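Secondary and tertiary structure notes
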Protein chains: 2
Amino acid sequence: MNLAHDLAWLRAGLALVLASTLGTAAADPLPSWRDGKSKQAIMEFVARVTLPGSPDFVPEPERIATFDNDGTLWAEQPAYFQLLFALDRVKTLAPQHPEWKTHEPFASLLKGDLKSALAGGEKAIVEILMATHAGMTSAEFEQIVTDWIATATHPTTGRPITGMVYQPMLELLAYLRANDFKTYIVSGGGIEFMRPWTERVYGIPPEQVVGSSIKSAFELRGDKPVLVRQPAVDFIDDKSGKPVGIQSHIGRRPIAAFGNSDGDLQMLQWTCLAEGARFCLYVRHDDADREWAYDRESHIGQLDQGLDQAEAHGWTVVSMKDDWSRIYP
Amino acid sequence: MNLAHDLAWLRAGLALVLASTLGTAAADPLPSWRDGKSKQAIMEFVARVTLPGSPDFVPEPERIATFDNDGTLWAEQPAYFQLLFALDRVKTLAPQHPEWKTHEPFASLLKGDLKSALAGGEKAIVEILMATHAGMTSAEFEQIVTDWIATATHPTTGRPITGMVYQPMLELLAYLRANDFKTYIVSGGGIEFMRPWTERVYGIPPEQVVGSSIKSAFELRGDKPVLVRQPAVDFIDDKSGKPVGIQSHIGRRPIAAFGNSDGDLQMLQWTCLAEGARFCLYVRHDDADREWAYDRESHIGQLDQGLDQAEAHGWTVVSMKDDWSRIYP
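Treat the numbers as computed from the prediction; the structure is a model and nothing was measured. (Residues numbered from 1 in each chain as written. Chains lettered and ligands numbered in written order. Predicted model: local features only at pLDDT ≥ 70, side-chain atom pairs only at ≥ 80, totals over all residues. Heavy atoms only, no water.)

Another aspect to go through is the relation of the copies chain A and chain B. When chain A is fitted to chain B, the residual RMSD is 0.0 Å, and the transformation amounts to a turn of 180° plus an axial shift of 0.0 Å. Expressed as a symmetry operation, the mapping of one chain copy onto the other fits a two-fold axis. Of the C-alpha atoms belonging to chain A, the one lying closest to the rotation axis is found on A:His249, 3.0 Å away. Here 100% of the interface residues in chain A have copies in chain B that are interface residues too; the copies meet face to matching face. (Least-squares fit on C-alpha atoms with pLDDT ≥ 70 in both. Contact = heavy atoms within 4.5 Å.)

See below:
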């Protein structure tokens, strides 16, 4: 133990906490976060790992922060937005698929009966995903997503779909990057569904997006090489898959992880149940007025075990209602 | 077409080519490359994509360069170095596996009879790889590789194994990075076999290494999360797998690719058979005195179709004998 270092860190940390508590607004990197425990915990952690001389100092290349997407960076109600994309695609593609009129889950979908369509459970969802996500080249799919994301609107708020991102999380991403963190998305959503727009919307480039994937195959069409998306699941980047995806794509263990559901629990465990300074945070959806309120009993974004684990390990739990002065940009 | 831009680019390009031809040694970023077509082609390409105002200017985030490893960045004779690692591991682990004394391919291996051991073909190699690469945690495997790479020596040259890297390629990596390229390894070798040392040896961090992988599984051992390496192939990053690995990990198409064998052909096609300024290069092993000489007929690092394609598409083919004044650091 190095006492001089510890004292230097304490002094610097104290100065920073005081500055944030006293509200030097001009310099506040997280203006949509209300002063309180959550904001303080974030800023204290960043100070600990970035201040030279801090006993918990982490060199820049190891400052890896991973973020879930659905429910953490943008909303996920009344359905995952990628599912809304798939439903729109089914409608667009229906004229080319007359057989869908009598084939479930498509028949119900095309009648606008989402509930019956999804009654087939995971099998129905996989069938919808494959019909809408496979069979084209990677470049064609990128264009399809780019076109959709530019015009899609949210079914209940009417906002542009990319306007459903959380302003406080955009500020957090920028704040971490300003402190030389490398920010990654680690999502159960499709990796190629996210990449066309994450740089513009979150400042996260394609090579820092980890997600679920279907298989693809290299083909030479004449002299033109293409990657053709295959109707077969390759990798599910959810639950126990998240640490696997992190290791595969990043090859380093994050020092900070951010999620909102039990699907993120293993990512938070992988990040925080380890030596050294670590930071784990759950976004809790408790704001029925400005967003949605759901947790232990929800079918989408269930947060049950995660809430217990957060308490047990002292992870930060953000109340959207109390901690965020603003939800959307 | 913008004539002013074109002229600016021509002028700047000409100045650069003249400077390199006339040999302003103090500023030469590639001192181990002899003046000639290969060096000139590299420097002209870098000038074209980096000079503001060039019609082929490429913004920094899109300057992705991918490098094969075995035979491109370091040697691969008389056997892939990862196979030498596996053989060393078999010897180390033998006391814990008395059954290997009578079980092929281990029995022959332990008698020092590599030829008989490998007579079982791919099946034998997979068995050796799984016995030596699976069954431990990711952290344990990283330590095993770190220990091996620190002490292993090459069977014929006696050099440290990391001393078998090519000095001209180290200079090329540094030159590209100095011009704001992001350099990646895209290798048929094991991703977790490379990551523990590529940063130190090549300046390439773990998140920029793409390679073959076995499956892994997340586990909580008490309160300690681990990733356990499973004896099952996950992904082979070779031939048609290379563009797939590139898309999965990087999500952008490279603008430059470097290889030495037919195993790299699809990566070079994916990179160079596309619109815009592109650069593809094959390292040709034609220096029996200082390294090895092999190409169309070789079992390791066969370069046959690739050579024909390089000629057909005007890709650069480096002669190790003529183009490199120095092989190893």
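Once you've had a look at it, read on.
A few words now on helix α8 (residues 167–178) of chain A. Structurally, the α-helix is built with 3.6 residues per turn, so residues lying three or four positions apart point the same way. Residues and elements named next belong to chain A. Along its 12 residues, α8 runs 17 Å from first to last C-alpha, staying within 8% of the 16 Å computed at 1.5 Å per residue. Those residues of α8 that fall on the buried side of the exposure criterion are Gln-167, Pro-168, Met-169, Glu-171, Leu-172, Leu-173, Tyr-175 and Leu-176. Close packing links the buried residues of α8 with α2 (37–50), β1 (64–67), β2 (182–190), α9 (191–202), β5 (256–259) and β6 (279–286). Downstream of α8 by a residue or two, Asp-180 has a phi angle that is positive, lying close to 65°. (Helix = DSSP H or I, 4+ residues; strand = E, 2+ residues; numbered from the N terminus. Expected span 1.5 Å × (residues − 1). Buried < 20%, exposed > 50% of the residue type's maximum accessible area, 1.4 Å probe, protein only.)

The next point concerns unusual backbone geometry. The omega torsion of the bond from A:Gln77 to A:Pro78 falls at 0°, within 30 degrees of zero and hence cis. Examined against the element boundaries, A:Pro78 turns out to sit in the loop between β1 and α3 (81–93). That bond from B:Glu104 to B:Pro105 is cis: its omega, 5°, falls within 30 degrees of zero. With respect to the helices and strands, B:Pro105 occurs in the loop between α3 (81–93) and α4 (106–110). Phi is positive for A:Asp180, close to 65°, though the residue is something other than glycine. For A:Asp180, a relative accessible area of 38% translates into the label partly exposed. The backbone of A:Lys239 shows a phi angle near 50°, a positive value even though the residue is not glycine.

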